[in-house]
Amino acid sequence: MRIRTRLALQFLVLASLIVGAAFIVVYARAAEFRQEQFHDRMRSRGENTASLLLDVAEVDDHLLRKIEQKSPVRLVKEGLSIYDANNALIFHLGEDHGLLEITPALLDSIRKQGDVERITNDRELLAFSVNKPNERSVAVVSGQDLYGRGKLQDQARVMLVTFLIGLVLIFLIGRAFARRALSPLQRLVMDLRTISASDLSRRSALGKGTDEIAQVAVSFNDLLERLEAAFAAQKNFIANASHEMRTPLTAISGQLEVLLLKERSGEDYRNALNSVLEDMHSLNRLSNRLLLMAQAETDATGISFAPVRMDELLWAARSEVIRTDAQNRVDVFIAEVEEAADITIQGNEILLRSLLVNLIENACKYSNDHHAIVTLKGNRTQLSIEVADHGSGIDTADHERIFQQFYRAPSAAGTKGHGIGLSLVKRITELHGGRVHVESELGAGARFIVSFYRAR
Ligand code: ADP
């Protein structure tokens, strides 16, 4: 069922309960009032007749009958009886009462305990004692309240018809209101339908309002913003990655083509093949990093974590960096710790090793002395690794940017690289809940500090 119809129906049920209850109360009060009024009429008929009969000496049964027969206040199908103090029927006019058998015991009980009433669908009766001093007569009056009951029935009919028409109106108005209230939602749905993966730049105009639906639209627009950025970053990544791959591939094919142009000496072949091999290594490193990057970016939940001894990993990274280029020098300092746990973190060994290799390689690569100084410190709450060098340094303006994918500082122009290493370092640090930053000035060397925190 659509929300619009459901809301209208709920509105209808609620309104009909309230209006229905109000009508029932009004009807009950009207019925009570009618009965009270008719009782008053019956009582005054009985009292007047008894008073004429008992108080006026000139009025006898015969005269009274004549007077009463012509009385304009007689009830419809009226029965009127007066009993004296000895329970003798001293006057009767009109119909049989029918509703009650009048016995001496009943009359006595009326005198002692008060009025007796009887009501059926078409007839009502009231028996009461007429308390004249010393004379305890009883009047029994019965009749039909045609006018009162007719009025009541008419009122009930009007109320029922009003109620039914009201229900229809309430349902229609409720539905119209619900449609109006939900129309922004409908518009939001239309807006969302027009936004496709290929056109994420569109936004819902509803996001400018202040109501709840505008809040949904704002959240949706934010989501689109993030999606658009993610799509753009992905496109960028692919473009940059393929560009970085193409450069060494072009160099390799260029060198091979030149080599094949004519017959070469063994020395030439050796030189060319060495150069090609170097490009192949670079390509290999690039593809490894891209692979790691893709893994760290897309499947963070699938990465397995285990306790990793950072000192051991550091020595392994050092060996790897020295193996890549024999010129590289790496000094490792491990601050004294109370226990091995202080230099152990919960992490992924492959990713952490890549983080260390990248930082140490950069330190060697961007300094003329190819010298990296690595310091490992650890305590119960924190573990930090500092990788410092005496190289070209980094301009303050680039401190943030060097961590972006494929960004290379202008000062790195003469050095080979792809601009991926530091973005990978940042991503790996974040995956381990840590932070990385650089302290450096142009020409004054650089110090990269990675901090991991642990809750014990
Ligand atoms: P790559 O070294 O392949 O260019 P990175 O992502 O590792 O890519 O580094 C990004 C940029 O940061 C480098 O191009 C360089 O400009 C700068 N950089 C990184 N490490 C150092 C360092 N130790 N000294 C000076 N500049 C550095």
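Residues numbered from 1 in each chain as written. Predicted model: local features only at pLDDT ≥ 70, side-chain atom pairs only at ≥ 80, totals over all residues. Heavy atoms only, no water.

Asker: Explain the overall build of the protein to me, please; I cannot follow it from the model alone.
Answerer: Regarding its fold elements, the protein presents nine helices and 12 strands. The C-alpha atoms of the protein give a radius of gyration of 52 Å, which is well past the 23 Å a tight globule of 456 residues would have. Projected onto the principal axes, the alpha-carbon positions of the protein cover approximately 165 × 60 × 35 Å. With 456 residues in all, the protein has 37% of them scored as buried. Put simply, 66% of the contacts in the protein that link residues at least 6 apart link residues at least 24 apart. Carbon together with sulfur atoms contributes 56% to the accessible area of the protein, which is approximately 26,900 Å² in total. For the protein, the distance from the average position of its 55 positive side-chain charges to the average position of its 58 negative side-chain charges is 5 Å. (Helix = DSSP H or I, 4+ residues; strand = E, 2+ residues; numbered from the N terminus. Rg over C-alpha atoms; globule rule 2.2 N^0.38 Å. Buried < 20%, exposed > 50% of the residue type's maximum accessible area, 1.4 Å probe, protein only. Contact = heavy atoms within 4.5 Å. Areas by Shrake-Rupley, 256 points an atom, 1.4 Å probe, with all protein chains shown as cover. Lys, Arg positive; Asp, Glu negative; His and termini not counted. Charge placed at Lys NZ, Arg CZ, Asp CG, Glu CD.)

Asker: Got a minute to help me understand the packing of aromatic side chains in this structure?
Answerer: For any pair of aromatic rings, the description rests on two quantities: the centre-to-centre distance and the angle between the ring planes. Evaluated as defined, the whole model comprises three aromatic pairs. Ring geometry for phenylalanine 237 against phenylalanine 406: centres 5.6 Å apart, planes inclined by 55 degrees, an arrangement best described as tilted. With phenylalanine 237 in helix 5 (residues 212-260) and phenylalanine 406 in the loop between strand 10 (382-389) and helix 9 (421-431), this residue pair connects regions lying 169 residues apart in the sequence. Against the face of phenylalanine 128 rests arginine 43, its NZ or CZ located 4.9 Å from the ring centre. (Phe/Tyr/Trp six-rings, centres within 6.5 Å; stacked < 30°, edge-to-face > 60°. Lys NZ or Arg CZ within 6 Å of the ring centre and 35° of its normal.)

Asker: What should I look at first to understand the site of the ligand in this one?
Answerer: As a structural note, the neighbourhood of the ligand is formed by 20 residues, with Asn362, Tyr366, Arg408, His418 and Leu422 the closest of them. Between lysine 365 and the ligand, the recorded distance is 3.0 Å, taken from a side-chain N or O atom to an oxygen atom. The protein chains hide 99% of the 530 Å² of surface that the ligand would expose on its own. The leading source of residues in the shell around the ligand is helix 8 (residues 349-365), at three residues. Of the residues assigned to the shell around the ligand, the class counts are 10 nonpolar, seven polar and three charged. (Near = heavy atom within 4 Å. Polar contact = N/O pair within 3.5 Å; in protein donor to acceptor, adjacent residues only side chain to side chain. Nonpolar A, V, L, I, M, F, W, Y, C, P; charged D, E, K, R; others polar.)

Asker: Would you take a moment to explain the nonpolar core for this structure?
Answerer: Across soluble globular proteins, nonpolar side chains have a tendency to be buried as a group. Ranked by internal contacts, the top residues of the largest apolar core, which has 50 residues, are Met310, Ile360, Ile385, Phe448 and Phe452. With nine residues, the top contributor of residues to this core is helix 8. Two domains each provide a minimum of three residues to this core, namely domain 2 (233-293) and domain 3 (298-453). Those residues within four positions of isoleucine 385 in sequence are excluded, and the remaining contacts are Met310, Leu356, Val374, Thr375, Leu376, Phe448, Ile449, Val450 and Phe452. If you look at the next biggest cluster of nonpolar residues, it comprises 16 residues, including Ala50, Leu80, Leu126 and Val130. (Core = buried A, V, L, I, M, F, W, Y, C linked by side-chain atoms within 4.5 Å. Domains from an automatic or database assignment.)

Asker: Is there a simple way to think about the packing of helix 7 (residues 310-324) against helix 8 in this case?
Answerer: Look at helix 7 against helix 8: their axes get within 9 Å of each other, and the N-to-C directions meet at 50 degrees. As the angle between them shows, helix 7 and helix 8 are arranged oblique. As helix 7 packs across helix 8, the resulting crossing turns out to be right-handed. Within the contact between the two elements, helix 7 uses Met310, Leu313, Leu314, Ala316, Ala317, Glu320, Val321 and Thr324 and helix 8 uses Glu349, Leu352, Arg353, Leu356, Val357, Ile360, Glu361 and Cys364. (Axes fitted to C-alpha atoms, helices over the stretch in contact; angles between N-to-C directions. Parallel < 35°, antiparallel > 145°, perpendicular 65-115°, else oblique. Left-handed = near helix turned anticlockwise from the far one by under 90°.)

Asker: Would you mind going over the environment of glutamate 320 with me for this structure?
Answerer: Mapped onto the elements, glutamate 320 comes out in helix 7. The exposure class of glutamate 320 is partly exposed, given its relative accessible area of 24%. For the pair glutamate 320 and valine 357, spaced 37 residues apart in the sequence, the C-alpha separation amounts to 7.3 Å. Apart from residues lying up to four places away in sequence, glutamate 320 is in contact with Arg353 and Val357.

Asker: Would you mind going over the pattern of salt bridges with me for this structure?
Answerer: A side chain of one charge can pair with a side chain of the opposite charge if their charged atoms are brought near each other. Across all of its chains, the model carries 26 salt bridges by this definition. Residue arginine 353 is joined to glutamate 320 by a salt bridge in which the shortest nitrogen-to-oxygen separation is 3.1 Å. In this pair, arginine 353 sits in helix 8 while glutamate 320 sits in helix 7, placing the two residues 33 residues apart along the sequence. For arginine 447, the salt bridge goes to glutamate 386, with nearest N and O atoms at 2.6 Å. Note that arginine 447 is positioned in strand 12 (residues 446-453) and glutamate 386 in strand 10, a separation of 61 residues in sequence. The class of glutamate 386 is buried, set by a relative accessible area of 15%. (Salt bridge = Lys/Arg side-chain N within 4 Å of Asp/Glu carboxyl O.)

Asker: Teacher, can you tell me more about the domain arrangement of the protein here?
Answerer: Accessible area lost upon the coming together of the parts serves often as the stated size of an interface. Annotation of the protein at the domain level lists domain 1 (3-156), domain 2 (233-293) and domain 3 (298-453). For domain 2 and domain 3, the distance between their C-alpha centres works out to 26 Å. Listed per partner, the contact involves 13 residues of domain 2 and 15 residues of domain 3. Here domain 2 packs against domain 3, burying approximately 1,300 Å² in sum over the two surfaces, 62% of which is carbon and sulfur. (Buried area = accessible area lost by both parts, 1.4 Å probe.)

Asker: What's the story with helix 4 (residues 146-194) in this structure? I'm lost.
Answerer: Residues that lie three or four places apart on an α-helix share one face, since the helix turns once every 3.6 residues. Between its terminal C-alpha atoms helix 4 stretches 70 Å, which fits the 72 Å expected from 49 residues at 1.5 Å a residue. Maximum bend of helix 4: about 45 degrees, positioned at leucine 182, with proline proline 184 one to four residues after it. Turning to helix 4, its buried residues are Gly148, Leu152, Met159, Phe163, Ile170, Gly174, Ala178, Pro184 and Leu188. Packed against the buried residues of helix 4 are helix 1 (3-55) and helix 5. (Expected span 1.5 Å × (residues − 1). Bend = angle between axes of the 7 residues up to and from the residue.)

Asker: Before we go on, may I ask you to explain the sheet that holds strand 11 (residues 435-440) in this structure?
Answerer: Pairing between the strands of a sheet is mediated by backbone hydrogen bonds and can be parallel or antiparallel. An order of 7-9-10-12-11 is seen for the five strands of this open sheet, with the pairing classed as mixed. The sheet is open, and its two borders are formed by strand 7 (329-334) and strand 11, each paired with just one other strand. The sheet shows a mean angle of 15 degrees between the axes of neighbouring strands, direction not considered. In the sheet, strand 7 pairs with strand 9 (residues 371-378) via six bridges, with the strands oriented parallel. In the sheet register, aspartate 331 faces strand 9, and the bridge partner there is isoleucine 373. The strands that helix 7 touches are strand 7, strand 9, strand 10 and strand 12; relative to strand 7, the one it contacts most, it runs at about 170 degrees. (Pairing = 2+ DSSP bridges.)

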